[in-house]
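# Examining the three-dimensional arrangement
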Amino acid sequence: MHLTQELELFPEYTVTQLLFKDVKNATELRKMAVNGEIKGALINPSMVVDAFQILVAANKAVHLHKNGKMKTRSLYSEIIFNLSPTNNISEAFKRFGISDSDSAVHIVLIHNKDETLNIEDIIGKVDGQQMAVDRVSDLTDVAKIKKLYKVAPQEEKCGSLLDAVVCRMATKDVA
Amino acid sequence: MDHSDSVKASVPSYLKEAQMIKQGAEARVYRGTFLGRSVIIKERFPKLYRHPEVDEKLTRRRTTQEVRSILRCRRAGINAPVVYFVDYTTHCIFLEDIIHSVSVKDHIASAQASEQNPQHLQTLADKIGETLAQMHDEDVIHGDLTTSNMLLVSGAEDQNMKLVLIDFGLSYISALPEDKGVDLYVLEKAFLSTHPKTETLFERLLKSYTASSKKSSVVLKKLDEVRLRGRKRSMVG
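Every chain begins its residue count from 1, and numbering advances along the sequence as written. To label them, take the chains in the order written and letter them from A, then take the ligands in the order written and number them from 1. In keeping with the model being predicted, local features are shown solely for residues with a pLDDT of at least 70 and side-chain atom pairs are shown and tallied solely at 80 or more, while totals for entire chains, interfaces and linings include all residues. Derived side-chain values reflect all non-hydrogen atoms in the structure, with water molecules and hydrogen atoms excluded from consideration.

As named in an unreviewed UniProt entry, chain B is non-specific serine/threonine protein kinase, taken from Cyprinus carpio. UniProt positions are given in the numbering used here, feature names are shortened, and annotations may be inferred rather than shown by experiment. Turning to chain B, the UniProt annotation filed under Subunit (unreviewed entry) states: "Component of the EKC/KEOPS complex composed of at least GON7, TP53RK, TPRKB, OSGEP and LAGE3; the whole complex dimerizes."

Going by the annotation in an unreviewed UniProt entry, the name recorded for chain A is EKC/KEOPS complex subunit TPRKB, with Cyprinus carpio given as the source organism. You can read under Sequence similarities (unreviewed entry) in the UniProt record for chain A the words "Belongs to the CGI121/TPRKB family."

Nonpolar core, defined: a set of buried Ala, Val, Leu, Ile, Met, Phe, Trp, Tyr and Cys residues in which side-chain atoms within 4.5 Å join the residues together. Only protein chains enter the accessibility calculation, which uses a 1.4 Å probe; a residue is then buried when its area is under 20% of its type maximum, exposed when over 50%, and partly exposed in between. Counting residues in hydrophobic clusters, the biggest one holds 101 residues, and the most contacted among them are Ile43, Ile79 and Ile110 of chain A together with Phe34, Val83, Phe94 and Leu132 of chain B. Only DSSP runs of H or I reaching four residues or more are called helices, and only runs of E reaching two or more are called strands; each is numbered from the N terminus. Counting residues per element, this core draws most heavily on helix H2 (residues 51–66) of chain A, which supplies nine residues. Once residues within four sequence positions are removed from consideration, Ile43 of chain A is found in contact with Val48, Ile54, Ile79, Ile80, Leu83, Phe96, Ile98, Val105, His106 and Val108 of chain A. In terms of nonpolar packing, the next biggest core, distinct from the first, is built from 14 residues, Phe20, Leu42, Ile98 and Ile107 of chain A among them. We call two residues in contact whenever any of their non-hydrogen atoms come within 4.5 Å of each other.

A separate point is the interface of chain B and chain A. Accessible area lost upon the coming together of the parts serves often as the stated size of an interface. If you look at the interface, chain B gives 33 residues, while chain A gives 32 residues. Put simply, buried area is how much 1.4 Å-probe accessible surface two parts lose in total, over both of them, once they are put together. Taken together, both faces of the contact between chain B and chain A bury some 3,100 Å²; the carbon and sulfur share is 63%. Two N or O atoms count as a polar contact when they lie within 3.5 Å, although within protein this holds only if one can serve as hydrogen donor and the other as acceptor, and sequence-adjacent residues are included solely when both atoms are side-chain atoms. Our count for the contact surface shared by chain B and chain A stands at five residue pairs in polar contact (both at pLDDT 80 or more). Going through the elements one at a time, helix H1 (5–8), helix H2 (10–17), strand E2 (28–34), helix H3 (52–75) and strand E4 (83–87) of chain B are the ones with two or more residues in the side of chain B that touches chain A.

This is the structure:
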């Protein structure tokens, strides 16, 4: 159900993604993320096209974190910021983070390979139904993404929506 | 999460394990796996013959120009590899690996060798002209147009072959017809020297360019001017 992957550039870390729908306690979860009870990034799944998109954001976040060049205050807020096509931090949090009224949540955790992650603990905190991360496209709001990332129909000749999104994420510092 | 020295050297140690496929004067190109996908990594290594501050600034500028040009092309519907990650500390660009492709150079060479279908190459010339016209209309100057920097990706049917432009290492943004004319001149020189007896094919390419571009006439005029005076020619007699 959940997805655990390695970052080839940073083999000492592991990225775990969890996805939940029919979530009833988004407000609580948000609070837990802010006060550190949940050490992860809580993302709005309607803005996620594919788990790869999350990996790209996580990779960049870890890279910047290691070099002391993050734009935001924590690794997890950096992941959320990296998803955004713009350089406006508060806008990124608003659009890609979860809000109190959300009913679905995509959780991203980064941990050292040697650390044992207590996934059950996190699942227990969510009042919702866990679903397979690779089904995140069921929750994707394609129209909203195309609008926010400004993906024109002509670009879709070159590749998928995921390609368009990831390319912008990777190049937004200089675009 | 500790910060030991080995941690800072993540990209270089990754590259040691990757497979180097080309070394040029400007950069080294590797193939590797990144986030589970096959990627091409372009590393602009430090040039020791340059003054270090100049080198850093120049290398960073070339990296950002390359990445910007790729994004601009894709936004306009021109095929170019997707950028997955840019490491501005080591000046490495992680790009989509275009698999199942053949360079236009190899394609023309084999088509000519097998004495095949000239109509086939005509369609290719049309496609190249059209693509370059779109690129120039977006004010992207490739800077290194050669048939080795164009790939043909086989689609489901042999009919719809995708043309993908690669190696935007010398590219920049410019609206000047002079720059576009020079871009075409570079291609012309490379084309005619690499592929013998292709003058008519190249003319067809230019015709397609003219038909597809909104600003072609002034660009072609500049092309004629550049042909006359030549590039990198010292006007000392």
